[in-house]
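# Structural characterization, general
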Amino acid sequence: MRDNGSEGAQARGDGRIVDNIVHFARTLRKAGLPVGPASVVDAVRAVETSGITSREDLYWTLHAVFVRKREHRVLFDEAFRIYWKSRGLVEKMLALLSPVAPPQAGPNKPKAGQTRVAQAFQKMQEREDSREKEEVEVDARFTVSGREVLQKKDFAQMTVEEIFQAKRALASMVLSMEKVRQRRLIAAPRGRIDPRRSLRASLRAGGDMIALKHRKPEERRPPLVALCDISGSMSQYSRLLLHFLHALSEERRNVHTFLFGTRLTNVTRQLKMKDPDEALEACSEGVEDWSGGTRIATALHDFNKNWSRRVLSGGPIVLLITDGLERDTDEDLEREMDRLHRSCRRLIWLNPLLRFEGFEAKARGVRAMLPHVDEFRSAHSLEAVQDLVDALSGEPALKPEIDPRHWLRAAS
């Protein structure tokens, strides 16, 4: 005969196991891991099939399902510690799956990723308690309305959800850019007389009368070239600015993006992908020195030697995104900056260090680079990026702080 009571208890136990794994997966998703419904189903089946007998077995069973990249390990480790240890759920699950298994203590000192996971865990608790959550709405003109204002918040201080809102805002920016007159002449209703087209029109009419044709210089939006620093001090800002560059690459064809740390990497093709997350993942896989050291002079030398003739035609605007903290501050940096400045129509330096009120251009690398840039701007917040968009769209810049000479005089 079947024991209906034991079957009911087992069913209730299995239901609690499924609920706990589902809530844990939601916590991982809030922390930034790509955990979908299929992964949750696989995790439940893996736990039920493996017959875990210890905390370590549960850890590695869920780890095998949810962790797919090396950078996900730290977040998973911290999420497992906070979620399962705080609630004592591991011991309860062990009692359900194997009543004789003794409880074991978990790891003690996972520190990396603690902030993001703790925030995600707190969000899940608020959701379970049915508390109302404030939302941030972004309108079409990139003005932020709601109870939280993200315009002036530093990228490095944003939570996971605020970063998500910032990515949406960066993707919605519209960069019109002022047009530049080219040497090439095109047909126009007014302008200079085009003798060749006028003569051809006359021959088609039998030569009895000459209809004058005109031409004028062609106007095009200049190419945009971005040189983005991905060293350890810049990686957090670079990732968000790459979302902005991805949106520009989708909108126009003449956008070229290069990443540099200790070496230069062209990621223009990767940023042409439709999905922004897929594009940034491809950029990360193609770069070997992400969050490493910085060699600005070496990277600029590589760009000037191998890429400048290919991408710096047509009077481009160059965005140099770096904090200027160069390891080797010799005369090579100044020489390469001068060469880059002479090869483009406009060189704009975006430096997140300008977010500090007491910033002074006293570092040797900063002083070597400043004389060779046209504008010196910040790039640490959404408001700073919006100011850049306004400047590139032809709107007048009213802030005198963008003048590099202002910073050189202040530091002297």
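Here, every reference points to the structure presented above.
Read on for a plain summary of the structure.

The rules behind these values
Residues numbered from 1 in each chain as written. Predicted model: local features only at pLDDT ≥ 70, side-chain atom pairs only at ≥ 80, totals over all residues. Heavy atoms only, no water. Axes fitted to C-alpha atoms, helices over the stretch in contact; angles between N-to-C directions. Helix = DSSP H or I, 4+ residues; strand = E, 2+ residues; numbered from the N terminus. Left-handed = near helix turned anticlockwise from the far one by under 90°. Contact = heavy atoms within 4.5 Å. Nonpolar A, V, L, I, M, F, W, Y, C, P; charged D, E, K, R; others polar. Buried < 20%, exposed > 50% of the residue type's maximum accessible area, 1.4 Å probe, protein only. Pairing = 2+ DSSP bridges. Patch = residues over 30% accessible without salt bridge, like charges linked within 9 Å, V, L, I, M, F, W, Y side chains within 5 Å. Areas by Shrake-Rupley, 256 points an atom, 1.4 Å probe, with all protein chains shown as cover. Salt bridge = Lys/Arg side-chain N within 4 Å of Asp/Glu carboxyl O.

If you want to describe how two helices pack, look at the angle between their axes and the distance between the axes. It is the contact of helix α11 (residues 296-306) with helix α13 (residues 331-343), at a shortest axis distance of 9 Å, that shows an interaxial angle of 35 degrees. α13 is crossed by α11, and the crossing has left-handed handedness. Of the residues in α13, those touching α11 at I296, A297, L300, H301, F303, N304 and K305 are D332, L333, E336, M337, R339 and L340. Among the residues making up the contact of α11 with α13, the classes are represented as 7 nonpolar, 2 polar and 4 charged.

The next point concerns the pairing of strand β9 (residues 317-321). The element β9 is extensively covered by neighbouring structure, given that 5 of its 5 residues are classed as buried. Residues I317, L319 and I321 of β9 are buried on one face, and the alternating residues V318 and L320, pointing to the opposite face, are buried as well. By the bridge criterion, 5 bridges tie strand β6 (residues 224-229) to β9 in an arrangement that is parallel. Across the sheet, residue L227 finds its bridge partner in β9, namely L320. Relative to strand β10 (residues 346-350), β9 runs parallel, the two sharing 5 bridges.

In this section: the side chain of S198. Looking at where S198 falls in the secondary structure, it is placed in helix α8 (residues 195-204). Note on S198: relative accessible area 4%, which makes it buried. Discounting chain neighbours no more than four positions away, the residues touching S198 are I193, I210, A211, L212 and K213.

Here we take up the environment of S39. Topologically, S39 is positioned in helix α2 (residues 37-50). Here S39 falls in the buried class, since its relative accessible area comes to 6%. Along the chain, S39 and F66 lie 27 residues apart, while their C-alpha atoms are 6.7 Å from each other. Leaving out residues up to four positions away in the same chain, S39 has contacts with V65, F66 and R68.

Next up on the list: the sheet that holds β10. Spatial strand order, β8-β7-β6-β9-β10-β11: 6 strands in an open sheet with mixed pairing. Strands with a single pairing partner mark the edges of an open sheet, and in this sheet they are β8 (264-266) and β11 (375-377). Going across the sheet, the axis of each strand differs from the next one's by a mean of 20 degrees, ignoring polarity. Relative to the sheet, α13 contacts β6, β9 and β10, its axis offset from that of β10 by approximately 130 degrees.

A cluster of nonpolar residues, I193, I210 and L212, forms a patch on the protein surface that exposes about 300 Å² of accessible area. Note that L212 resides in the loop between α8 and β5 (214-220).

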